[in-house]
Amino acid sequence: MTSYLIKNGTVVRTDNAAPEEGEAADILIVDGKIAAIGANLQSADAEIVDASGKLIFPGVVDAHQHWGIYNPLAEDTQTESRASAQGGVTTALTYMRTGQYYLNKGGSYADFFPEVLDASAGRSYIDYAFHLAPMSKEHIGEIPDLASDQGVTSFKIFMFYGSHGLHGRSTSQSDFLMIPEDERYDIAHFEFVMRGVQQAREQFPELAEHISLSLHCETAEIMSAYTKIVEQEGKLSGLAAYSASRPQHSEGLAVTIASFLADETGLPNINLLHLSSAKALKAAMKMAEAFPHVNFRREVTIGHLLTDIDNANGLGAKVNPPIRPREDVEALWEHLLAGNIDWVVSDHACCKDEVKFGADRDDVFAAKSGFGGTEYLLPGLVTEGRKRGLSLRRIAQLIASNPADRYGLPGKGRLVEGVDADIAIVDPNRTWTVRATESESTQEYTPFEGFELTAAVTDTFVRGNRVLADGVVTGAPEGRYISRPY
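Since the structure is predicted, the reported quantities are computational estimates derived from the model, not experimental observations.

Draft legend 1. Up close: the overall build of the protein chain. Counting its regular elements, the protein chain contains 14 helices and 19 strands. Relative to the 2.2 N^0.38 estimate, which gives 23 Å for 486 residues, the radius of gyration of the protein chain is 21 Å and therefore close to what a compact globule would have. Dimensions of the protein chain along its principal axes, counting C-alpha atoms only, are 65 × 50 × 40 Å. Long-range contacts, defined here as pairs at least 24 residues apart, represent 78% of the contacts in the protein chain between residues at least 6 apart. Approximately 17100 Å² of the protein chain is accessible, and the part contributed by carbon and sulfur atoms is 46%. Positive and negative side-chain charges of the protein chain, numbering 43 and 67 respectively, have mean locations separated by a distance of 3 Å.

Quick look at the structure:
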C-alpha cells in the first residue's frame, strides 16, 4: 500500500479542545492508518500530497443514504459510492429493509441480509454499513442476532408507512410492506420495535451504547387528510403543494409520539431523522426537556439546509419529509448554530430521471420521492456554514465524529494517530457551479443545479487508499462492509 504525506494543510480536528479553525500540520499515512500528525513531518518513502491553502477534514461519515432503493443494489453500490468519494465521504451508512423497492422481497433478515451483503461486496469505493428496519414481528425477534452476529447496531422505523405510501397516498400498504396479512405496521408495532431494540441492549451490555433506533417522523393520518385537501383545492402546485400535503405539524406530532414511546419502553438511544421544519424542532426540543433521560440525537439534511420550495431546481427535489418554505430553512440554521443539531447528512437516494418523473412532469404527486446529493454535503455545508459563522471544528463534528460515535464507528470520523486514514481535503476558495452532468451518480438531475458553491473536495482517502485525486475518482473499489462496533 502506498504511503502518503499530506503537507502544508490546515488540519481540522473534532475534539472540543482542538482549535476551532484548525491548525497548520502535516499528516503521514502508513499502511492505511494515520501514523503521525505534526509540523514539518518527513518521510523518504511517502508520496507527497501538497495541501497548501486547503483544509484537511476527517472523512465524512454520511449516516443517511439509500443504496439500491430505485436501482439494483450492486449498481448503486458502485456508482453512488463514487459520487460519495467526490464529496469527501469515506463511510456511508445506508438504509435497507424488506418490502417493495430495495430487493423487492419479504421474509426474515436471516435470509435477506446475506443477499444484501453479497450484492454490495467488492463494488464500493468507500466503506459502508447498513441500518435495518424491523418491518414485521419476525424481524423484532431477529434484532439481537443482527446486533451480535452481523454487526448491525442501528435500526429504523418509518412512522408513516402504516397507511401512507412512499410517494403519497396509498391503498395497497400490505403489498408494499410485504408483511404477514394478520400484522399491522402501526404505533403498536413501533412500540414493540423499541422494546426489541432495548432487549438487545440489555442482552449485550457491551454493545448497548452503540445500539440505537432511528425514526422517520411523519404522521400518516395527517398526511393522508392534507394530501386530499391540497389536491381538491388545487391552489398550490409543485414543491409548495407537496410541503402543504405533508404539513409541518405532522412531523411535530410524530416526534412527540416517538419520544413518549421511547420513555415508555426505556429505550434511551433515539435518533430523530431529517427534521425539516421549525415545528419538528420545537417538538424535538420540548421532548428533550420532558424526557431528559432519553439520549436524543437530531439530524438534518443538506437538502433541507440549502434548498427551499422556491430555489430548488424543479420537482426533482421531491423528498420525504418535503423541502420546506424559507422560514423553516432559517429555523433549521438557527437550531444548528445553537448546537441543537447533532449531524448533517445527505439522505442520498439516486432516482434516475426515467424513474423519478411520471407521465406529467409537472405533477409533484406523480413523481417519486428522494434524490441524491452526497457529493454536495461537505462542500455545501462549508459554503453556507462559513457564511453563517459555523466553525470548521463544528463542521467536522457534524459530518464526521458525531455520527461515527453514535453509530458504533469510534475508529472513524476523526483525525488522530492510529485510526483509519479516512481523510477529505477541501479547497475553501474554489468557486464552482453545481452541474448534475459532472457527478459520478447515475442520477441525471439535481435540486442543487446551478447553485454556486465556494468550497470543493479535491482529494479523498479511504483507509489510506486515494480514491479521489485532484477531483477525479481513481483506483479500484476497495471499500469494505463495516461490522459495528468498529
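That was the structure; now back to the text.
Draft legend 2. Layout of unusual backbone geometry. That bond from N320 to P321 is cis: its omega, -10°, falls within 30 degrees of zero. The step from R484 to P485 runs through a cis peptide bond, and the omega angle for that step is 0°. Within the element layout of this structure, P485 appears in the segment after β19 (472-473). Residues other than glycine seldom take positive phi values, yet M178 does so here, at roughly 55°. Locating M178 in the fold gives a position in the loop between α4 (173-177) and α5 (187-203). Its relative accessible area of 31% is what places M178 among the partly exposed residues.

Draft legend 3. The arrangement of the UniProt feature "domain: Amidohydrolase-related" (unreviewed entry) in the protein chain in detail. Those residues carrying the UniProt feature "domain: Amidohydrolase-related" (unreviewed entry) are residues 311-467 in this numbering. Note that residues 311-467 is 27% helix and 14% strand, and that its end C-alpha atoms are spaced 32 Å apart.

Draft legend 4. Focus on helix α14 (residues 392-406). End to end, α14 covers 20 Å across 15 residues, agreeing with the expected 21 Å (1.5 Å per residue, within 8%). Taking burial as the measure, the 15 residues of α14 include 13 buried ones, the bulk of the element. Phi for G408, located one or two positions after α14, is positive at around 75°.

Draft legend 5. A look at helix α3 (residues 137-149). Along its 13 residues, α3 runs 19 Å from first to last C-alpha, staying within 8% of the 18 Å computed at 1.5 Å per residue. Along α3, the largest kink reaches about 40° and is centred on I143; proline P144 follows within four residues of it. Within the span of α3, buried status applies to H139, I140, E142, I143, P144, L146 and A147. Close packing links the buried residues of α3 with α2 (109-120), β8 (127-132), β9 (154-158) and α5. Just downstream of α3 lies G151, where phi reads positive at about 70°.

Definitions and limits used
Residues numbered from 1 in each chain as written. Predicted model: local features only at pLDDT ≥ 70, side-chain atom pairs only at ≥ 80, totals over all residues. Heavy atoms only, no water. Helix = DSSP H or I, 4+ residues; strand = E, 2+ residues; numbered from the N terminus. Rg over C-alpha atoms; globule rule 2.2 N^0.38 Å. Contact = heavy atoms within 4.5 Å. Areas by Shrake-Rupley, 256 points an atom, 1.4 Å probe, with all protein chains shown as cover. Lys, Arg positive; Asp, Glu negative; His and termini not counted. Charge placed at Lys NZ, Arg CZ, Asp CG, Glu CD. Buried < 20%, exposed > 50% of the residue type's maximum accessible area, 1.4 Å probe, protein only. UniProt positions renumbered as here; feature names shortened; annotations may be inferred. Expected span 1.5 Å × (residues − 1). Bend = angle between axes of the 7 residues up to and from the residue.

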